[in-house]
Amino acid sequence: MATTPNQKRRRAQRTQAFVETLTQRFPACFTRNRDDVRPLAIGIEKAIRSQLEKDDATEPVPGWLIRQALARYTRTPAYLAAVMAGGDRIDLDGNPVEPVTEAAIEHASARRAEQKARAAERRRQQAEAKAERERSEKLQRLADRFNQ
C-alpha cells in the first residue's frame, strides 16, 4: 500500500493511465466525454480481468489497479449523474445488461450531495483564507503608513 506522498502520487498516476487504457481498449463502455458516460454493469471488474488475461500482448494487471481505476471512474460527477438518470447498465461492449436500481440511484444521489458539500466547504475555506490575507495586507499597509 502506498504510504508516502510520492508513492501515492505515482499510484494515482498509474491509475489514471490505466483508466485511459480502459477508455482506449473498451470505447463502447468507457469514455472521456461526460455526456456519453453510462452506468457500468455490476461485476464488470471480472469481465475486464477476463478480457485482459485473454490478451497475451499485455502484461498482467494487478487487481488493485483495476479496482482503483473503476473507483476513480465511478466516483466522477458525470458517472454519478448517469446513475442518477437511471437507464440501463452496460457491459464492456456497450450492450445493456440490467436496469439501474432505485437503491443505486439513491446511493449515487447521496455521493453526489457529499461531493457538492465538500466542494462548497473548500470554497468557503478558500474565501475565508483570501479575506484573512486581504485584511492582513491592509493592516500591514496601514502600519507601514503610520510608521513612516
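To be clear, the structure that these remarks concern was listed above.
Residues numbered from 1 in each chain as written. Predicted model: local features only at pLDDT ≥ 70, side-chain atom pairs only at ≥ 80, totals over all residues. Heavy atoms only, no water.

S.K.: Would you explain the nonpolar core in this entry?
M.R.: For soluble globular proteins, nonpolar side chains are generally found buried alongside one another. Core analysis: the biggest nonpolar cluster contains 27 residues, and Cys29, Phe30, Leu40 and Ile48 have the highest contact counts within it. The residues contacting phenylalanine 30, other than those within four sequence positions of it, are Leu22, Thr23, Leu40, Ile48, Leu70, Tyr73 and Leu92. (Core = buried A, V, L, I, M, F, W, Y, C linked by side-chain atoms within 4.5 Å. Buried < 20%, exposed > 50% of the residue type's maximum accessible area, 1.4 Å probe, protein only. Contact = heavy atoms within 4.5 Å.)

S.K.: Whenever I open this one, helix H1 (residues 5-25) confuses me. Can you help?
M.R.: If you check H1, its first and last C-alpha atoms are 30 Å apart, about what 21 residues at 1.5 Å a residue would give, namely 30 Å. On its buried side, H1 packs onto helix H2 (44-54) and helix H3 (63-74). (Helix = DSSP H or I, 4+ residues; strand = E, 2+ residues; numbered from the N terminus. Expected span 1.5 Å × (residues − 1).)

S.K.: Help me understand H2, please; the structure alone is not making it clear to me.
M.R.: Because the α-helix completes a turn every 3.6 residues, residues three or four places apart line up on one side. Among the residues making up H2, those that are buried are Ile44, Ile48 and Leu52. One face of H2 carries all of its buried residues, which in axial projection span an arc of 75°. Among the exposed residues of H2, those pointing more than 90 degrees away from its buried face are Lys46, Glu53 and Lys54. In the core, the buried residues of H2 are packed alongside H1, H3 and strand E1 (88-90). (Arc of directions from axis to C-beta.)

S.K.: Mind showing me how you'd approach the pairing of strand E2 (residues 96-99) here?
M.R.: In summary, the side chains of a regular strand alternate between the two faces of the sheet. For E1 and E2, the ladder comprises 3 bridges, and the chain directions are antiparallel. Residue pairing for E2: aspartate 88 is matched across the bridge by proline 99. Between E1 and E2, which pair antiparallel in sequence order, lie 5 residues; one of them, glycine 94, sits at a positive phi of approximately 85°. (Pairing = 2+ DSSP bridges.)

S.K.: Just to check I follow, could you spell out the pattern of salt bridges for this structure?
M.R.: Once the charged atoms of two side chains with opposite charge are near each other, the side chains can pair. Applying the stated criterion to the full structure yields 6 salt bridges. Where arginine 49 meets glutamate 45, a salt bridge forms, and the shortest distance between an N and an O atom there is 2.6 Å. With a gap of 4 residues between them, arginine 49 and glutamate 45 both fall in helix H2, about one helical turn apart. The class of glutamate 45 is partly exposed, set by a relative accessible area of 22%. (Salt bridge = Lys/Arg side-chain N within 4 Å of Asp/Glu carboxyl O.)

S.K.: Quick question: what am I supposed to make of the packing of H1 against H3 here?
M.R.: When two helices pack together, you describe them by how their axes are tilted relative to each other and by the distance separating the axes. At a closest axis distance of 9 Å, the pairing of H1 and H3 adopts a crossing angle of 80°. With respect to H3, the element H1 is oriented roughly perpendicular. Contacts from Arg11, Ala12, Arg14, Thr15, Gln16, Phe18, Val19 and Leu22 in H1 reach Trp64, Leu65, Ile66, Gln68, Ala69, Arg72 and Tyr73 in H3. For the contact of H1 with H3, the per-class residue count stands at 9 nonpolar, 3 polar and 3 charged. (Axes fitted to C-alpha atoms, helices over the stretch in contact; angles between N-to-C directions. Parallel < 35°, antiparallel > 145°, perpendicular 65-115°, else oblique. Nonpolar A, V, L, I, M, F, W, Y, C, P; charged D, E, K, R; others polar.)

S.K.: How do you make sense of the packing of H2 against H3 when you look at a structure like this?
M.R.: Running from N to C, H2 and H3 cross one another at 130°; their axes reach a closest spacing of 11 Å. On the basis of the axis angle, H2 is oblique to H3. The interaxial crossing formed by H2 with H3 has right-handed handedness. On H3, the residues touching Ile44, Glu45, Ile48, Arg49 and Leu52 of H2 are Gly63, Ile66, Arg67 and Leu70. (Left-handed = near helix turned anticlockwise from the far one by under 90°.)

S.K.: When you look at the packing of aromatic side chains in this model, what are you seeing that I'm missing?
M.R.: Each aromatic ring pair is specified by the distance between its two centres and by the angle formed by the two planes. Counted according to the given criterion, the structure contains 2 aromatic pairs. On the numbers, 5.0 Å between centres and 75° between planes, the contact of phenylalanine 30 with tyrosine 73 is edge-to-face. Taken together, the residues phenylalanine 30 in the loop between H1 and H2 and tyrosine 73 in helix H3 connect sequence positions 43 residues apart. A relative accessible area of 2% places phenylalanine 30 in the buried class. Judged by its relative accessible area of 6%, tyrosine 73 falls in the buried class. Three or more aromatic residues joined by ring pairs form one cluster here, namely Phe30, Tyr73 and Tyr79. Across from the ring centre of tryptophan 64, 3.9 Å away, lies the NZ or CZ of arginine 11, which sits over that ring. (Phe/Tyr/Trp six-rings, centres within 6.5 Å; stacked < 30°, edge-to-face > 60°. Lys NZ or Arg CZ within 6 Å of the ring centre and 35° of its normal.)

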